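In case you want the letters, here they are:
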Amino acid sequence: MYYLDVSLILPSNPNSVVSAVYLKKNIFQSVKQLFGEEGTKYTVDILKYNPEEHRFILRCTDDCYVRLRAALTVAGTYEGEPCNYLVHRATANLLSFSSDKGKDTIIFASKEDHATPSKVDLPQPEPSPGLLLSNGEINWNCPCLGGMATGPCGLEFREAFSCYHYSTAEPKGSDCYDAFKTMQTCMIQYPALYGKRGDSMDDLEDETDLMDDHKKNLESDNKVYELESDVKEVPDTPSIKKGIERTNVK
């Protein structure tokens, strides 16, 4: 285990009220922003917290220490305000925090604190928005895209996918050949990352699998909407009722 004596510095609002819950959340977000989902697998706890000084003791596992220090170094915001983390001291010996060093007051953490799990709980994570955001825009961070929206050919992929998504041509996406061709040309330059995609223009058909699934979802939504519209517009007649009854019997 490693223990870090840290202060949160808020230059624009030093007297801001900071809760331990949101402090820990901010630290986790900093680690995730720098190292992705891999960074959130490590255990980091706040053992002691002084809300008046925004000073606290962090506990982390050995394999997390380097990444945690890096995340604290590059962290730049806390709840939208500029911030930075000042690490006063870091050690593998918890008892070394029991003494005063110069002008800095070291917060003491007892053996009981070390043995007791952290009582700080993070808020429940917000639900994933899926492929489309609430404003109708494409969510490029959606796991359903398989990470294709990032990387050396991420821009080309976004152009091709956007063209397909907003295409009104029949069949859908038939006006996006050039965009897919550009994407394939890019992928050819990175065989170690994209494999053999793009060796020939026939591979364009393989790249449309993701688009086809997206098209099916859109068509399914459209069919439901059209069916509801038809039901509202068709008059209620005995012949229609008989047809519906026959369909239900089948």
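Everything numeric here is computed off the predicted structure, so don't read it as measured data.

**Student:** In this structure, what is going on with the packing of aromatic side chains? I would like to understand it.
**Tutor:** Aromatic ring pairs are defined here through the distance separating the ring centres and the angle between the ring planes. Counted by the stated rule, this structure contains 5 aromatic pairs. Pairing Trp 140 with Phe 161 gives two aromatic rings, centres 5.9 Å apart and planes at 75 degrees, and the pair type is edge-to-face. Of the two residues, Trp 140 is situated in the loop between helix H3 (111-115) and helix H4 (154-165) and Phe 161 in helix H4; the sequence distance between them amounts to 21 residues. An aromatic cluster of three or more residues is present, and its members are Tyr 49, Phe 56 and Tyr 85. In this structure, Lys 172 is placed above the aromatic ring of Tyr 164, and the distance from its NZ or CZ to the ring centre is 5.8 Å.

**Student:** What is the right way to look at the confidence of the model for the protein chain in this model?
**Tutor:** Regions with low pLDDT should not have their predicted coordinates read in detail. On average, the protein chain scores 75 in pLDDT, and the residues at 70 or more come to 68%. Here residues 223-237 scores under 50 on pLDDT; set against residues more than four positions off or in separate chains, the count is 3 contacts. Per-residue pLDDT stays below 50 along residues 239-244; that stretch engages in 3 contacts with residues further than four places along the chain or on separate chains.

**Student:** Help me understand helix H2 (residues 65-74) in this model?
**Tutor:** Because an α-helix completes one turn every 3.6 residues, residues spaced three or four positions apart along the sequence face the same direction. Every buried residue belonging to H2 is among Tyr 65, Leu 68, Ala 71 and Leu 72, and all of these are buried. Relative to the axis of H2, the buried residues are bounded by an arc of 130 degrees and lie together on one face. Facing away from the buried side of H2 by over 90 degrees, the exposed positions are Val 66, Thr 73 and Val 74.

**Student:** Would you mind going over the state of the cysteines with me for this structure?
**Tutor:** Working definition: the covalent bond between the sulfur atoms of two cysteines is a disulfide. What the rule picks out here adds up to 3 disulfides. Between the sulfur atoms of Cys 153 and its disulfide partner Cys 186 the distance amounts to 2.0 Å. Between Cys 153 and Cys 186 the sulfur-sulfur dihedral comes to about -95 degrees; the bridge is accordingly left-handed. With a gap of 33 residues between them, Cys 153 in the loop between H3 and H4 and Cys 186 in helix H5 (residues 177-188) connect regions that are remote in the sequence. This pair shows no difference in class: Cys 153 is buried, exactly as Cys 186 is. Listing the disulfide partners of the protein chain by sequence rank of the bonded cysteines yields 1-2, 3-6, 4-5. Left unpaired, Cys 60 is separated from the closest cysteine sulfur, that of Cys 64, by 4.8 Å.

**Student:** What is the right way to read the packing of helix H1 (residues 20-35) against H2 from this model?
**Tutor:** For any two helices packed against each other, the geometry comes down to the angle between their axes and how far apart the axes lie. For the pair H1 and H2, interaxial distance at closest approach is 9 Å and the crossing angle is 100 degrees. Here H2 runs roughly perpendicular to H1, going by the angle between their axes. On H2, the residues touching Ile 27, Ser 30, Val 31, Leu 34 and Phe 35 of H1 are Arg 67, Leu 68, Ala 70, Ala 71, Leu 72 and Val 74. A per-class count over the contact of H1 with H2 returns 9 nonpolar, 1 polar and 1 charged.

**Student:** How do you make sense of H1 when you look at a structure like this?
**Tutor:** The end-to-end C-alpha separation of H1 is 23 Å, in line with the 22 Å expected for 16 residues at 1.5 Å each. Taken as a whole, H1 has its buried residues at Ala 20, Leu 23, Lys 24, Asn 26, Ile 27, Phe 28, Ser 30 and Val 31. Along its buried surface, H1 packs onto strand E1 (2-9), strand E2 (44-50), strand E3 (55-60), H2, strand E4 (77-78) and strand E6 (84-91). Directly after H1, the chain includes Gly 36, whose backbone phi takes a positive value near 75 degrees.

**Student:** Help me out: how do you make sense of the environment of Ile 188 in this one?
**Tutor:** Note on placement: Ile 188 falls in helix H5. On the basis of relative accessible area, Ile 188 is assigned to the partly exposed category, the value being 44%. Each C-alpha atom, one on Ile 188 and one on Cys 153, is 10.0 Å from the other, the two residues being 35 residues apart in sequence.

**Student:** When you look at the pairing of E1 in this model, what are you seeing that I'm missing?
**Tutor:** In the case of a regular strand, side chains alternate between the two sheet surfaces. Burial analysis of E1 places 6 of its 8 residues in the buried class, which makes it a mostly covered element. Where E1 and E3 come together, 6 bridges link them in antiparallel fashion. Note on E3: the bridge partner recorded for Val 6 is Phe 56. Looking at chain direction, E1 and E6 are connected through 7 bridges and run antiparallel. Bridge pairing in E6 places Ile 9 opposite Asn 84.

**Student:** Could you clarify how one ought to interpret the sheet that holds E6 in this entry?
**Tutor:** Adjacent strands of a sheet pair through backbone hydrogen bonds, lying either parallel or antiparallel. Strand order across the open sheet formed by 4 strands is E2-E3-E1-E6, with antiparallel pairing between neighbours. Strands with a single pairing partner mark the edges of an open sheet, and in this sheet they are E2 and E6. Between one strand axis and the next, the sheet turns by 25 degrees as a mean value, whatever way the strands run. Packed on one face of the sheet, H2 meets E1, E2, E3 and E6 and runs near 10 degrees to E1.

Rules used throughout
- Residues numbered from 1 in each chain as written.
- Predicted model: local features only at pLDDT ≥ 70, side-chain atom pairs only at ≥ 80, totals over all residues.
- Heavy atoms only, no water.
- Phe/Tyr/Trp six-rings, centres within 6.5 Å; stacked < 30°, edge-to-face > 60°.
- Helix = DSSP H or I, 4+ residues; strand = E, 2+ residues; numbered from the N terminus.
- Lys NZ or Arg CZ within 6 Å of the ring centre and 35° of its normal.
- pLDDT = per-residue confidence, 0-100.
- Contact = heavy atoms within 4.5 Å.
- Buried < 20%, exposed > 50% of the residue type's maximum accessible area, 1.4 Å probe, protein only.
- Arc of directions from axis to C-beta.
- Disulfide = S-S within 2.5 Å.
- Axes fitted to C-alpha atoms, helices over the stretch in contact; angles between N-to-C directions.
- Parallel < 35°, antiparallel > 145°, perpendicular 65-115°, else oblique.
- Nonpolar A, V, L, I, M, F, W, Y, C, P; charged D, E, K, R; others polar.
- Expected span 1.5 Å × (residues − 1).
- Pairing = 2+ DSSP bridges.

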